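Secondary and tertiary structure notes
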Amino acid sequence: MQENNKIFSTHFSIHYTFIDETHETELKILVNNNNILAFSQNDQTFTTRWNLDEIILWLRQFIDNLAEDPYPVSVEGEYASIKDIKAREFDTDDDELFDAYYDKLDEWNLRHRWHTSSQGAILADLYFQLNGDFIEISWNNQDAESGILFENIIGGVSIPKELFVNEINSFLIAYCDHWFPDNSQFH
C-alpha cells in the first residue's frame, strides 16, 4: 500500500534454514513477498547464507535499545539509506569539523545499519530505524562487491513496530535455541 510516497508493508516475515554445525544459516527477509536479501552471482539467484552470530547479536541490541533516534544530520531523503548517501557528500577543509561530522554519521550507523556486523557475509546493506509506530527498513546496495547484484538496489519500507519486533524476536529465539541451547546470550 502506498501512502505519502512511503511504502507500508502488509507482509513481513523471516525465513531461515539452519545448515550445519558451523552455525551457517540461510536467511530470507520477506517484505510484501519480496526477499530483500536476494542477490545474483554468476547468473544464479541466492540469499544470505553464513554464520550469522554477529548479525543476531546486532539485531538483539537493536530490539533491546529500540528508541526514536533520527538521522543525525539534516539532508533530503525518504529513507535512512538515501539520507546516508547524500550526507556522505559533505566536505570541508576544517579537519575538526570534518571528523566530528563523520564521527556522528558513523556512530548512528553502528546503531542502525547491520552491515558493520556482517563478518564477511554477502548481505544486503540494511538500515533499521524506529519512526513512531513503524520500523523503517531501508537499503543501499549500490556498492556491492564485484560480481554481486542485489535485486533491491535502493529503497525502503515501513513495517508496523509490533509485527517487526515479534518476527525478529521469534527468529532470535529460534536461532539461539538451535545454535546455543545452553546459553541465553541471544534471548
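Refer to the structure above for everything that follows.
Per the counting criterion, the structure on display carries six salt bridges. Between Asp64 and Arg60 there is a salt bridge, with its nearest N and O atoms 3.1 Å apart. Of the two residues, Asp64 and Arg60 are both situated in helix α1 (residues 53-64); the distance of four residues between them amounts to about one turn of the helix. Arg111 is paired through a salt bridge with Asp69; the nearest N and O atoms lie 2.9 Å apart. In this pair, Arg111 sits in helix α3 (residues 95-112) while Asp69 sits in the loop between α1 and α2 (80-87), placing the two residues 42 residues apart along the sequence.

A few words on a nonpolar patch on the surface. A cluster of nonpolar side chains, namely Leu149, Ile153 and Ile154, defines an oily patch on the protein surface of about 240 Å² accessible area. Position of Ile153 relative to the elements: it lies in the loop between β11 (149-150) and β12 (154-160). Residue classification places Ile153 among the partly exposed positions, given a relative accessible area of 33%.

Now for the nonpolar core. Grouped together as the largest cluster of nonpolar side chains are 38 residues, with contacts concentrated most on Phe12, Ile29, Trp114, Leu126, Ile137 and Phe164. Within the residue set of this core, elements represented by two or more residues are β3 (12-18), β4 (24-31), α1, β9 (126-131), β10 (134-140), β12 and α4 (161-179). Top contributing element to this core by residue count: α4, with eight residues. For Phe12, the residues in contact, after removing those within four places along its chain, are Ile29, Leu30, Val31, Ile137, Ile159, Leu163, Phe164, Glu167 and Ile168. Membership of the second largest hydrophobic core comes to nine residues, among which are Val73, Tyr101, Tyr102 and Tyr127.

Before going further, it helps to examine the sheet that holds β11. Here three strands make up an open sheet; going across it, the order is β7-β6-β11 and the pairing antiparallel. In this open sheet, the two edge strands, each paired with only one partner strand, are β7 (44-46) and β11. Relative to β7, strand β6 (residues 39-41) runs antiparallel, the two being bridged by three bridges. Residue pairing for β7: Gln41 is matched across the bridge by Gln44.

So, about the packing of α1 against α4. Here α1 crosses α4 at 140°, and the two axes come no closer than 10 Å. The pairing of α1 with α4 is recorded here as oblique in orientation. For the crossing formed where α1 meets α4, the hand is left-handed. Residue-level contacts link Asp53, Ile56, Leu59, Arg60, Phe62 and Ile63 of α1 to Phe164, Val165, Ile168, Asn169, Phe171, Leu172 and Tyr175 of α4. Residues belonging to the contact of α1 with α4 are distributed by class as follows: ten nonpolar, one polar and two charged.

Before going further, it helps to examine the pairing of β9. Regular strands have side chains that alternate between both faces of the sheet. Within β9, five of the six residues are buried, which leaves it mostly tucked inside the rest of the structure. Summarising the sheet, β9 and β10 pair through six bridges and their orientation is antiparallel. If you follow Phe128 over to β10, its bridge partner there is Ile137. The loop that links β9 with its antiparallel partner β10 comprises two residues; one of these, Gly132, has a positive phi angle of about 65°.

How each quantity is defined
- Residues numbered from 1 in each chain as written.
- Predicted model: local features only at pLDDT ≥ 70, side-chain atom pairs only at ≥ 80, totals over all residues.
- Heavy atoms only, no water.
- Salt bridge = Lys/Arg side-chain N within 4 Å of Asp/Glu carboxyl O.
- Helix = DSSP H or I, 4+ residues; strand = E, 2+ residues; numbered from the N terminus.
- Patch = residues over 30% accessible without salt bridge, like charges linked within 9 Å, V, L, I, M, F, W, Y side chains within 5 Å.
- Areas by Shrake-Rupley, 256 points an atom, 1.4 Å probe, with all protein chains shown as cover.
- Buried < 20%, exposed > 50% of the residue type's maximum accessible area, 1.4 Å probe, protein only.
- Core = buried A, V, L, I, M, F, W, Y, C linked by side-chain atoms within 4.5 Å.
- Contact = heavy atoms within 4.5 Å.
- Pairing = 2+ DSSP bridges.
- Axes fitted to C-alpha atoms, helices over the stretch in contact; angles between N-to-C directions.
- Parallel < 35°, antiparallel > 145°, perpendicular 65-115°, else oblique.
- Left-handed = near helix turned anticlockwise from the far one by under 90°.
- Nonpolar A, V, L, I, M, F, W, Y, C, P; charged D, E, K, R; others polar.

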